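Summary of the model geometry
Each chain, letter by letter, is given below.
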Amino acid sequence: MLRSIVLSNPKKRNALSLAMLKSLQKDILHEAESQDLKVIVISAEGPVFSSGHDLKELTDEQGPDYHAEVFRTCSEVMMMIQNHPVPVIAMVNGLATAAGCQLVASCDIAVASDKSSFATPGVNIGLFCSTPGVALGRAVPRKVALEMLFTGEAMSAQEALLHGLLSRVVPEERLEEETMRIARKVASLSRPVVSLGKAAFYRQLAQDLRTAYHLASQTMVDNLGLPDGQEGIKAFLQKRKPVWSH
Amino acid sequence: MLRSIVLSNPKKRNALSLAMLKSLQKDILHEAESQDLKVIVISAEGPVFSSGHDLKELTDEQGPDYHAEVFRTCSEVMMMIQNHPVPVIAMVNGLATAAGCQLVASCDIAVASDKSSFATPGVNIGLFCSTPGVALGRAVPRKVALEMLFTGEAMSAQEALLHGLLSRVVPEERLEEETMRIARKVASLSRPVVSLGKAAFYRQLAQDLRTAYHLASQTMVDNLGLPDGQEGIKAFLQKRKPVWSH
Amino acid sequence: MLRSIVLSNPKKRNALSLAMLKSLQKDILHEAESQDLKVIVISAEGPVFSSGHDLKELTDEQGPDYHAEVFRTCSEVMMMIQNHPVPVIAMVNGLATAAGCQLVASCDIAVASDKSSFATPGVNIGLFCSTPGVALGRAVPRKVALEMLFTGEAMSAQEALLHGLLSRVVPEERLEEETMRIARKVASLSRPVVSLGKAAFYRQLAQDLRTAYHLASQTMVDNLGLPDGQEGIKAFLQKRKPVWSH
């Protein structure tokens, strides 16, 4: 099963208000442990994928405690994507800025139309995109991230692809088709296998090489111990399609 | 205010002798805490941006203590760029080799003319570019860095852009214009905001994701507590230009 | 001296069976400490560079202890390449999948023909490429790695070059010539200098910036203390070719 989450407040440029973040959090967590769920696709209505935080929530009238809650919730949403048992795909058709750009950078896979663009323009309004920089700095080379953060200038979809922020760029009319093709591919796989692999990938990435190989080798052995691990190999050796247990 | 630092010993290919490194250190540190300083641009006279260390200082006549001082000073200059409160931009028009290439890799932003090239050719003279490799290995993918380090062959500006060593490549006649456009843009921003963001970016990059988000979220809250943080958001909501406190 | 290691079981698509891995391990370790050895080139017979593990060794008939030995041996081979005193070059002409792709990603330099392609298709048979992901995730941006791991789709040589998995891509008819040109270049260098530099590069890459510069600065001083370090600099200042001690 594929879950589609749509940012649907185009009048407000899909701003990630605290309410929107909490709704996103709920949607992402919804039945996360259900073995039927195979992949999540996050897309948006309108010409702006997301413009980032709602600035009305960041004035000094709300005060630092409220601000802290906004950024804590936002960070939790971003980490939740990485910690989620199934792959999360961003489908982007338009402008993604600040925390909107962070959301794209935080997904496991990101497909965008060629008219999309990406920016972290916080410096223009006196609010450096420090939290977006966490996701951006882990997705692209640091000089690329720093130029975006220091100048606030937008990067085209092609440049974003070149530098690793996107997985795939297609013409607008093929965006849904290509995203769904990848999503259906992921949905056709064994969920326990994909979940095990996704968790191990992010964990080992932060480790030194020897520790990483120790973890990943154990993951391979565990994977072979899963019913779907053995079914997949048997099916391959018998030249037939595997039948996953779920 | 924009500070321009020019490597101006073209006859010696702008070699980073100990004297040159100390002069560079002094120039970079000069009034670093002045709130008027907004951005630093490092450029060079002549067809070679910098050829790296002065090899006459690395013979066995000087001995290991002198050598150690040279590399310690050089490393301090490179780290000082990263730790500096304002963005440092390299403007490169020509060849940058060894510690010269390290200097480019160490700047926050690097703009180069399309005739520029980059190399770490130390292996050719029996001195592996280990210190340049620190900066290079953090700017480009490791296989790109290793090929440069093991073969000593030069990389074109276009390849350097592709792999993240440069932020922007332009024809020679547009180099100054484009660099100054970016520098003026940075100089138009709030210095306290940019300083806070730069420091947080480099710090979080070395941390695990949860720690990084914790730091960056606190940075966002602190940023909103700055006078320029609130001024920027108010100006945006009131649809006017912000007036920074400095 | 250049050592050539050829995967030569094309009928089995050069599968990395436990026997093949042990043979590879032996070949890589063979006279590793000999000062005559300067560079290793790993290539393969037939249209498939390597298809990865031998799936017949991963059925539940062998059991978890045997599986663990396979992955431990494979991880040791990959780490051995990085820890080897001389540069290891992959010369790829065809398809490299799963642990075959991991082998390419683990080499210091990788040259491929333009008809080559790279994939981590384990998910298709219920075995996520977690150990290949260790090498892949350190060679390319994480979104690139994740798309390969989650979809199992192949990446072209040009894309692999773009994203840092390869050092160089050439037409098939020039593959050997270009690889040998690079290998001969490496073989013409001072082995103690290259070994010192290679070890320091990988070690510092995992360290924080200050620790990395401390290590690399000491490496530079040690390098200058080597006979070849001083010979190289003298030769350069005297405008003659260096004569290495080995």
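Residues numbered from 1 in each chain as written. Chains lettered and ligands numbered in written order. Predicted model: local features only at pLDDT ≥ 70, side-chain atom pairs only at ≥ 80, totals over all residues. Heavy atoms only, no water.

Right, let's get into the overall build of chain A. Within chain A, the regular secondary structure consists of 10 helices and 9 strands. Compactness check: chain A gives a C-alpha radius of gyration of 19 Å against a globular reference of 18 Å for 246 residues, within 12% of the reference. Along the first, second and third principal axes, the C-alpha set of chain A runs to 65 × 40 × 35 Å. For chain A, buried positions account for 63% of its 246 residues. Of the accessible surface of chain A, which amounts to about 9100 Å², a share of 53% is contributed by carbon and sulfur atoms. If you average the places of the 26 positive and of the 26 negative side-chain charges in chain A, the two averages end up 7 Å apart. (Helix = DSSP H or I, 4+ residues; strand = E, 2+ residues; numbered from the N terminus. Rg over C-alpha atoms; globule rule 2.2 N^0.38 Å. Buried < 20%, exposed > 50% of the residue type's maximum accessible area, 1.4 Å probe, protein only. Areas by Shrake-Rupley, 256 points an atom, 1.4 Å probe, with all protein chains shown as cover. Lys, Arg positive; Asp, Glu negative; His and termini not counted. Charge placed at Lys NZ, Arg CZ, Asp CG, Glu CD.)

Our next topic: the side chain of Thr-131 of chain B. Within the element layout of this structure, Thr-131 of chain B appears in helix α4 (residues 130-139). Given the relative accessible area of 1%, Thr-131 of chain B is considered buried. Setting aside chain neighbours within four positions, we find Thr-131 of chain B in contact with Phe-71, Ser-75 and Gln-102 of chain B together with Tyr-213, Ala-216, Ser-217 and Met-220 of chain C. (Contact = heavy atoms within 4.5 Å.)

The two faces of the sheet receive side chains in turn, since in a regular strand these alternate between them. All names here are of chain B. In terms of residue burial, strand β4 (residues 88-92) counts as a mostly covered element, since 5 of its 5 residues are buried. Alignment of strand β2 (residues 39-44) against β4, held across 3 bridges, turns out to be parallel. The partner of Ile-40 across the bridge, within β4, is Val-88. Pairing analysis gives 4 bridges linking β4 to strand β6 (residues 109-113), with the strands arranged parallel. (Pairing = 2+ DSSP bridges.)

So, about the pairing of strand β6 (residues 109-113) of chain C. Residue and element names in this part refer to chain C. Buried residues dominate β6, accounting for 5 of its 5 residues. The side-chain alternation of β6 yields two buried faces, one formed by Ile-109, Val-111 and Ser-113 and the other by Ala-110 and Ala-112. The sheet contact formed by β6 and strand β9 (residues 168-170) spans 3 bridges and is parallel. Across the sheet, residue Val-111 finds its bridge partner in β9, namely Arg-168.

One can find Val-134 of chain A in helix α4 (residues 130-137). C-alpha of Val-134 of chain A to C-alpha of Ala-112 of chain A: the two residues are 22 residues apart in sequence and 21 Å apart in space.

Quick look at the sheet that holds strand β7 (residues 117-119) of chain A now. Residue and element names in this part refer to chain A. Pairing is mixed in the open sheet, where 4 strands are placed in the order β3-β5-β7-β8. Of all the strands in the sheet, the pair left with one neighbour each is β3 (48-50) and β8 (155-156). For β3 and strand β5 (residues 95-97), the ladder comprises 2 bridges, and the chain directions are parallel. Bridge pairing in β5 places Val-48 opposite Leu-95. Seen against the sheet, helix α3 (residues 99-106) touches β3, β5 and β7 and runs at an angle of roughly 100 degrees to β5. (Axes fitted to C-alpha atoms, helices over the stretch in contact; angles between N-to-C directions.)

Attention shifts here to the interface of chain C and chain A. Taken residue by residue, the interface counts 43 residues in chain C and 56 residues in chain A. Broken down residue by residue, the surface that chain C buries against chain A is led by Arg-142, Lys-143 and Phe-150 of chain C, which jointly contribute 20%. Our count for the chain C to chain A interface comes out at 4 salt bridges. Along the contact surface separating chain C from chain A lie 18 residue pairs in polar contact (both at pLDDT 80 or more). Secondary-structure elements contributing two or more residues to the side of chain C that touches chain A are α2 (63-83), α3 (99-106), α4 (130-137) and α5 (142-151) of chain C. (Buried area = accessible area lost by both parts, 1.4 Å probe. Salt bridge = Lys/Arg side-chain N within 4 Å of Asp/Glu carboxyl O. Polar contact = N/O pair within 3.5 Å; in protein donor to acceptor, adjacent residues only side chain to side chain.)

Screw-axis analysis of chain C against chain A gives a translation of 0.0 Å along the axis, an RMSD of 0.0 Å, and a rotation angle of 120 degrees. Classification of the inter-copy transformation places it as that of a three-fold axis. When the interface residues of chain C are mapped onto chain A, a mere 12% of them again lie at the interface, so each copy presents a different face. (Least-squares fit on C-alpha atoms with pLDDT ≥ 70 in both.)

A few words on the sheet that holds strand β2 (residues 39-44) of chain A. Paired through backbone hydrogen bonds, the strands of a sheet run either parallel or antiparallel to each other. Spatial strand order, β1-β2-β4-β6-β9 (chain A): 5 strands in an open sheet with parallel pairing. Every other strand in the sheet has two partners, leaving β1 (2-7) and β9 (168-170) of chain A as the edge strands with one partner each. Neighbour to neighbour, the strand axes of the sheet diverge by 20 degrees on average, direction disregarded. As paired strands, β1 of chain A and β2 of chain A are joined by 6 bridges and run parallel to one another. Bridge assignment links Leu-7 of chain A to a residue of β2 of chain A, and that residue is Ala-44 of chain A. Packed on one face of the sheet, α5 of chain C meets β6 (109-113) and β9 of chain A and runs near 105 degrees to β6 of chain A.

For the rest of this paragraph, the subject is the interface of chain C and chain B. How big an interface is tends to be reported as the loss of accessible area on association of its parts. Taken together, the contact between chain C and chain B spans 56 residues of the former and 42 residues of the latter. When chain C packs against chain B, close to 4200 Å² is buried across both sides, 67% of that on carbon and sulfur atoms. Summed over the shared surface of chain C and chain B, the number is 4 salt bridges. Salt-bridge contacts for Glu-147 of chain B lead to Arg-168 of chain C; the nearest nitrogen and oxygen are separated by 2.2 Å. At the boundary of chain C with chain B, the tally comes to 18 residue pairs in polar contact (both at pLDDT 80 or more). Every element with two or more residues in the side of chain C that touches chain B is listed here: α3, β6, α6 (157-162), α7 (175-187), α8 (191-205), α9 (209-225) and α10 (227-237) of chain C. Examining the composition of the side of chain C that touches chain B, we find that 11 residues originate from one element, α9 of chain C, more than from any other.

With that out of the way, let us pick up the domain arrangement of chain A. Residue and element names in this part refer to chain A. Each assigned domain of chain A is listed here: domain 1 (2-187) and domain 2 (191-237). Summarising the inter-unit geometry, the C-alpha centres of domain 1 and domain 2 are found 28 Å apart. Facing the 14 residues of domain 1 at the interface are 6 residues of domain 2. Considering only the side of domain 1, the residues that lose the most area to domain 2 are Gln-35, Gln-82 and Pro-85, jointly responsible for 52% of the buried surface there. (Domains from an automatic or database assignment.)

Our focus in this paragraph is the pattern of salt bridges. It is possible for side chains bearing opposite charge to pair when their charged atoms get close. Counted under the stated rule, the structure contains 36 salt bridges over all chains. The partner of Arg-181 of chain B in a salt bridge is Glu-178 of chain B, with the nearest N and O atoms 3.1 Å apart. Of the two residues, Arg-181 of chain B and Glu-178 of chain B both sit in helix α7 (residues 175-187), 3 residues apart, roughly one turn of that helix. Classification of Arg-181 of chain B by relative accessible area gives partly exposed; the value is 33%. When its relative accessible area of 6% is taken as the criterion, Glu-178 of chain B is described as buried. The shortest N-O distance in the salt bridge between Lys-22 of chain C and Glu-69 of chain C comes to 3.0 Å. Here the residue Lys-22 of chain C occupies a position in helix α1 (residues 18-29), and Glu-69 of chain C occupies one in helix α2, the gap between them amounting to 47 residues. With relative accessibility at 40%, the residue Lys-22 of chain C sits in the partly exposed group.

Before going further, it helps to examine the packing of aromatic side chains. Residue and element names in this part refer to chain B. Inspection of every chain in the model, using the stated rule, returns 6 aromatic pairs over all chains. Between Phe-201 and Tyr-202, the ring centres sit 5.8 Å apart and the planes meet at 75 degrees, which makes this aromatic pair edge-to-face. When sorted by exposure, Phe-201 lands in the same class as Tyr-202, which is buried. (Phe/Tyr/Trp six-rings, centres within 6.5 Å; stacked < 30°, edge-to-face > 60°.)

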